[in-house]
Amino acid sequence: MSVKSENKRWFKVYKKIVSIFFSKPKFVYLGEKISEPSLILSNHVGAKAPVRWEIYFEYSFRFWGVSDMTQGAKAVHKYLTTTYFHQKKHFNKFFAWLIGTIATPFVNLFYRGMNLIPTYDDIKFAITIRESVKTIQNGSNLIIFPEDSSKGYKDHLTHFFSGFVTLAETILKKGIDIPIFTAYYQKHKNTFVIDKGVRYSRLKELYKEPDAIALAMKNRVNELAEEHSN
């Protein structure tokens, strides 16, 4: 498993600056460390988890991210002001617009450096799958936030979308039985708890249907939160 080294020089410098505002977390593994290309399913916690993954996780990876954040400053501004700050963070419209406008150039630059794999909720999801398979085949991990955050970010997760199962099934058909790790970021302890990995074929054997696999993974992330809350 390769250590992260693919970032461009300008982005490494930019991350050093951003790290001033995001303290270094602990990474606690409940099993062996990640040793081959894997899927990592994490809670989101607003910007807290993604930024810390990006700055501090030691292994090569790419995120899945909403396609709006890969389409330039105008799309980023619309997403931040309307979706992120207003709908998810529940700021009033004026404050959401103000903070989103201030944040847009910095967030847009950060997302450019992150090399996100854009996600879609229509037929273009095939693009997400294709780019994700290529990423795994090139030896990198994927970090995915499957939670339904349409009503905001919750400490106790209520639903996982099953798109990651579609990806794992596609990869299996190409001869790769990918390990899947669940992870929970504990904001009050600034700690990522990363569970033991489980092969997709085992999950498929146990739960049969994509929605059942997604439910089991969501429940396990919540269990990680409860088991390691003290």
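Notes on the structure follow. (Residues numbered from 1 in each chain as written. Predicted model: local features only at pLDDT ≥ 70, side-chain atom pairs only at ≥ 80, totals over all residues. Heavy atoms only, no water.)

1. Some thoughts on a nonpolar patch on the surface
Piece 1. On the surface, Phe94, Phe95, Trp97, Leu98, Ile102 and Phe106 cluster together into a nonpolar patch covering about 630 Å² of accessible area.
Piece 2. On the secondary structure map, Trp97 appears in helix α4 (residues 93–114).
Piece 3. Assessed through its relative accessible area of 44%, Trp97 is described here as partly exposed. (Patch = residues over 30% accessible without salt bridge, like charges linked within 9 Å, V, L, I, M, F, W, Y side chains within 5 Å. Areas by Shrake-Rupley, 256 points an atom, 1.4 Å probe, with all protein chains shown as cover. Salt bridge = Lys/Arg side-chain N within 4 Å of Asp/Glu carboxyl O. Helix = DSSP H or I, 4+ residues; strand = E, 2+ residues; numbered from the N terminus. Buried < 20%, exposed > 50% of the residue type's maximum accessible area, 1.4 Å probe, protein only.)

2. Some thoughts on the side chain of Ser38
Piece 1. Relative to the helices and strands, Ser38 resides in the loop between β1 (26–29) and β2 (39–42).
Piece 2. The exposure class assigned to Ser38 is buried, which follows from its relative accessible area of 1%.
Piece 3. Reaching out from Ser38, the side chain makes a polar contact with the backbone oxygen of Glu36 at a distance of 2.7 Å. (Polar contact = N/O pair within 3.5 Å; in protein donor to acceptor, adjacent residues only side chain to side chain.)

3. Brief notes about the packing of aromatic side chains
Piece 1. Across all of its chains, the model carries 19 aromatic pairs by this definition.
Piece 2. Ring geometry for Trp64 against Phe125: centres 5.7 Å apart, planes inclined by 90 degrees, an arrangement best described as edge-to-face. A residue pair is termed long-range when its members are at least 10 positions apart, and Trp64 in strand β3 (residues 61–66) and Phe125 in helix α5 (residues 125–137) qualify at 61 residues. For the pair formed by Trp64 and Phe125, the shared burial category is buried.
Piece 3. Linked through ring pairs, Phe27, Trp53, Phe57, Tyr59, Phe61, Phe63, Phe145, Tyr185 and Phe192 together constitute an aromatic cluster. (Phe/Tyr/Trp six-rings, centres within 6.5 Å; stacked < 30°, edge-to-face > 60°.)

4. Description of the pattern of salt bridges
Piece 1. Counted according to the given criterion, the structure contains 11 salt bridges.
Piece 2. Between Arg62 and Glu131 there is a salt bridge whose closest N-O contact spans 2.7 Å. Taken together, the residues span a long stretch of sequence, with Arg62 in strand β3 and Glu131 in helix α5 at a distance of 69 residues.
Piece 3. With relative accessibility at 12%, the residue Arg62 sits in the buried group.
Piece 4. Glu131 gets classed as partly exposed once you look at its relative accessible area, which sits at 25%.

5. Some thoughts on the pairing of strand β6 (residues 179–186)
Piece 1. Of all eight residues in β6, eight are buried; the element is thus mostly enclosed.
Piece 2. The side-chain alternation of β6 yields two buried faces, one formed by Pro179, Phe181, Ala183 and Tyr185 and the other by Ile180, Thr182, Tyr184 and Gln186.
Piece 3. Note: β2 against β6, four bridges, orientation parallel. Residue pairing in the sheet places Leu39 in a bridge with Ile180 of β6.
Piece 4. Summarising the sheet, β6 and strand β8 (residues 198–199) pair through two bridges and their orientation is antiparallel. (Pairing = 2+ DSSP bridges.)

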